[in-house]
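# Chain and residue survey
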Amino acid sequence: MARFKSLQARSIGRAFLVQGLVAAVLYTAAFALLCATAAPVLYQNAAYVFADVTAPWIYVDQAEYERLQESSSEYVQPFDEGAASAAAEGQGAPQGARSTSADYLSSASDLGFWTDGNLYAVRDLSGYHAFLEAGGEVAAGLYFAGLAVIALVFVRRAIRRVDQLSLAVTGLFADRFAPIDLPDELAATRVELTEVQNRALSDERAAKAAETRKNELVVYLAHDIRTPLTSVVGYLSILAESPELPAEDRTRFARVALEKAERLEGLVAELFEVARYDLQALPLERERVDLGLLCGQIAAELYPEAHEKDVTVAVEASERASAFVDPDKMARAVLNVARNAVTFAEAGTEVSIKVEMGEETASIEVVDTGREIAPEHLERIFERFYRVDGARGTARGGAGLGLAIAKEIVEAHGGSITAKSERGRTSFHIAFPCEGA
């Protein structure tokens with residue numbers, strides 16, 4: 001049997017092979033029994049019918065009859081039907097009929113006669129004897145024809161299974177919610193198609209939910225841009241139109257305008273992040289990277305944000321902490337996670353970035369102390385556009401893409417990212433192969 005790759009194909013192949021062998025064995029036994037019992041009688045009767053159909057009687061006179069009698073092999077047969085039957089049963093010819101042999105239909109030509117009118121009936125039975133001699137070939141032909149019928153039945157069954165499978169696959173496109181209807185022989189395929197259907201429906205629901213959150217976020221960000229923009233324009237207008245303002249007020253108004261401009265810059269950056277997410281392709285360009293140095297650079301980049309919140313960022317890594325990764329992409333993933341930690345850490349606490357090396361994998365753990373993440377949020381925290389803090393207009397509410405992008409980058413490296421949060425201690429664990437996926 002051919003080596004099939006799928007479990008379903010191997011299962012059907014074994015079932016059809018066993019069923020085909022059993023059918024062939026049973027057919028052979030039945031055919032042999034038929035040949036040993038009823039077949040000889042049936043074939044002999046078929047030969048009689050063949051003789052009656054292919055060898056018609058003709059009538060000849062005395063002289064022609066005597067010539068044919070001399071050229072025929074053994075005997076003459078009476079034309080009378082009753083005499084033929086009696087001779088076939090070994091009872092001899094009836095009164096008024098002559099025969100040179102008690103054998104029935106055994107010569108190349110059988111001759112018969114009527115005593116009344118000196119007319120004789122003659123028929124040639126060479127075809128009949130050829131029919132009898134071909135009995136073995138006929139039996140073999142019938143046997144192999146039966147095997148061919150059995151093979152055709154199983155081929156049709158296999159084609160029917162393919163047809164059912166094809167209809168089930170096309171049915172997924174016609175009606176995504178219709179149940180997969182396949183026979184028990186295709187149970188494995190039914191389970192696989194059901195899993196594909198459920199996964200497709202789940203992905204579709206997730207995509208719709210992400211698209212909805214994205215649209216809502218764009219609306220929120222567009223709305224929130226107006227507030228800082230109005231403040232910036234307002235304070236700058238005061239400064240421009242009121243040169244007589246005291247220096248203290250001018251400084252205060254300029255500081256407020258700067259804060260609002262920075263907030264506006266952040267909102268615009270989030271809008272670019274949303275737009276860029278669907279367009280970005282993240283091809284990896286790997287090289288040997290010092291993970292300790294990479295995390296140190298991330299801590300330095302986060303210093304202004306951490307200093308403003310009175311949070312320190314500490315990095316712990318061994319000297320041999322290195323991995324074959326895309327430095328820009330991996331730095332972005334760790335930065336997104338670390339920035340999230342700084343954002344939600346309590347003032348006066350520390351955000352730690354710890355690098356650990358295993359034999360085949362490297363891991364980076366980011367830990368902060370502060371706001372706890374509820375279990376229902378942990379299950380969805382890596383989804384696109386999902387924000388734990390759903391309130392719009394807050395300084396902490398981002399686009400909900402940082403952790404989703406981090407997850408995609410880590411998984412592109414053949415790794416994984418998980419999160420835990422308990423009693424205010426939240427940790428993100430990033431693991432990936434040292435030598436690349």
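Structure first, text after, so check above.
Counting of residues starts from 1 at the beginning of each chain's written sequence and follows it residue by residue. Totals for whole chains, interfaces and linings use every residue, but because this is a predicted model, local features are given only for residues with pLDDT of at least 70 and side-chain atom pairs only at 80 or more, for both listing and counting. As a rule here, side-chain values come from all non-hydrogen atoms in the structure, and water together with hydrogens is ignored.

### Digging into the overall build of the protein
Put simply, the rule reads: Each helix corresponds to a stretch of at least 4 residues labelled H or I by DSSP, and each strand to a stretch of at least 2 residues labelled E; elements are numbered beginning at the N terminus. Exposure categories follow from relative accessible area, calculated using a 1.4 Å probe and restricted to protein chains: below 20% of the type maximum is buried, above 50% is exposed, and the middle band is partly exposed. We call two residues in contact whenever any of their non-hydrogen atoms come within 4.5 Å of each other. Residue-level accessible areas treat just the shown protein chains as cover; the underlying method is Shrake-Rupley with a 1.4 Å probe.
Looking only at helices and strands, the protein has 13 helices and 10 strands in total. Burial statistics for the protein: of 437 residues in total, 33% are counted as buried. Taking all contacts inside the protein whose residues are at least 6 apart in sequence as the whole, residues at least 24 apart take part in 69%. Here the protein displays about 25800 Å² of accessible surface, and carbon together with sulfur accounts for 57% of that area.

### Some thoughts on the nonpolar core
Just so we agree on the cut-off: Side-chain atoms within 4.5 Å are what join buried Ala, Val, Leu, Ile, Met, Phe, Trp, Tyr and Cys residues into a set we call a nonpolar core.
In terms of nonpolar packing, the biggest core is built from 41 residues, with Leu291, Val337, Ile364, Phe428, Ile430 and Phe432 touching the most fellow members. Looking at this core, the elements with two or more residues in it are helix 9 (291-301), strand 6 (322-325), helix 11 (327-344), strand 7 (350-357), strand 8 (361-369), helix 13 (402-412), strand 9 (416-422) and strand 10 (425-433). Top contributing element to this core by residue count: helix 11, with 8 residues. Phe428 has contacts with Val337, Asn340, Ile364, Glu365, Val366, Ile373, Ile381, Phe382, Leu403, Thr418 and Ala419, leaving out every residue within four places of it along the chain. Ile12, Phe16, Ala168 and Leu172 belong to the second largest nonpolar core, which has 8 residues in total.

### A closer look at a nonpolar patch on the surface
The following threshold applies: Patches were defined on residues exceeding 30% relative accessible area and lacking a salt bridge, with like-charge contacts within 9 Å and nonpolar side-chain contacts (Val, Leu, Ile, Met, Phe, Trp, Tyr) within 5 Å. A carboxyl oxygen of Asp or Glu within 4 Å of a side-chain nitrogen of Lys or Arg is what we treat as a salt bridge.
A cluster of nonpolar residues, Val18, Val22 and Leu26, forms a patch on the protein surface that exposes about 280 Å² of accessible area. Among the structural elements, Leu26 can be located in helix 1 (residues 7-36).

### A short note on the packing of helix 11 against helix 13
To be explicit about the condition: Here the axes come from fitting lines to C-alpha atoms, over the contacting stretch only for helices, and the angles between their N-to-C directions go from 0 to 180 degrees. Helix crossings fall into two classes, left-handed where the near helix is turned counterclockwise from the far one by less than a right angle and right-handed where it is turned clockwise. As a working rule, the residues Ala, Val, Leu, Ile, Met, Phe, Trp, Tyr, Cys and Pro are called nonpolar, Asp, Glu, Lys and Arg charged, and the rest polar, with Gly in that last group.
At a minimum axis separation of 8 Å, helix 11 and helix 13 run at an interaxial angle of 145°. Handedness of the crossing formed by helix 11 with helix 13: left-handed. Facing helix 11, whose interface residues are Lys329, Met330, Arg332, Ala333, Asn336, Val337 and Asn340, helix 13 presents Gly402, Leu403, Ile405, Ala406, Ile409 and Val410. Considering only residue class, the contact of helix 11 with helix 13 consists of 8 nonpolar, 3 polar and 2 charged.

### Thoughts on the pattern of salt bridges
One pass over the structure, following the stated rule, counts 7 salt bridges. A salt bridge links Arg339 to Glu305; its shortest N-O distance comes to 3.2 Å. Here Arg339, found in helix 11, pairs with Glu305, found in helix 10 (residues 303-308); they are 34 residues apart in sequence, far enough to count as distant. Classification of Glu305 as partly exposed rests on a relative accessible area of 30%. For Glu383, the salt bridge goes to Arg380, with nearest N and O atoms at 3.4 Å. Judged by relative accessible area, Glu383 falls into the partly exposed class, the value being 29%.

### As for the environment of Ile381
Along the chain, the position of Ile381 falls in the loop between helix 12 (375-378) and helix 13. It is 8.6 Å that separates the C-alpha atoms of Ile381 and Ala419, two residues lying 38 residues apart in sequence.

### Focus: the pairing of strand 9
In plain terms, the rule: Note on pairing: two strands pair once DSSP finds at least 2 bridges between them.
Side chains Ile417, Ala419 and Ser421 project from strand 9 onto a buried face, and the interleaved Ser416, Thr418, Lys420 and Glu422 project onto a face without burial. Two elements, strand 9 and strand 10, share 7 bridges in a ladder whose sense is antiparallel. Looking at strand 10, one finds that Lys420 is bridged to Ser427. Hairpin connection of strand 9 to strand 10: 2 residues between the antiparallel strands, including Arg423 at a positive phi of 55°.

### Some words on the packing of aromatic side chains
Let me state the cut-off plainly: Here is the rule: rings of Phe, Tyr and Trp (six-membered ring for Trp) pair when centre to centre is within 6.5 Å. Planes less than 30 degrees apart are stacked, more than 60 are edge-to-face, and the remainder are tilted.
With the rule as written, the count across this model stands at 8 aromatic pairs. Measuring from ring centre to ring centre gives 5.4 Å for Tyr235 and Phe253, while their planes differ by 45°; the resulting arrangement is tilted. On the criterion of sequence distance, the pair formed by Tyr235 in helix 7 (residues 187-241) and Phe253 in helix 8 (residues 247-279) is long-range, its members being 18 residues apart. Residue classification places Phe253 among the buried positions, given a relative accessible area of 12%. In this structure an aromatic cluster arises from ring pairing among Tyr27, Phe31, Tyr143 and Phe144.

### Structural notes on helix 13
If you check which residues of helix 13 are buried, you get Leu403, Ala404, Ile405, Ala406, Ile409 and Val410. Just downstream of helix 13 lies Gly414, where phi reads positive at about 80°.

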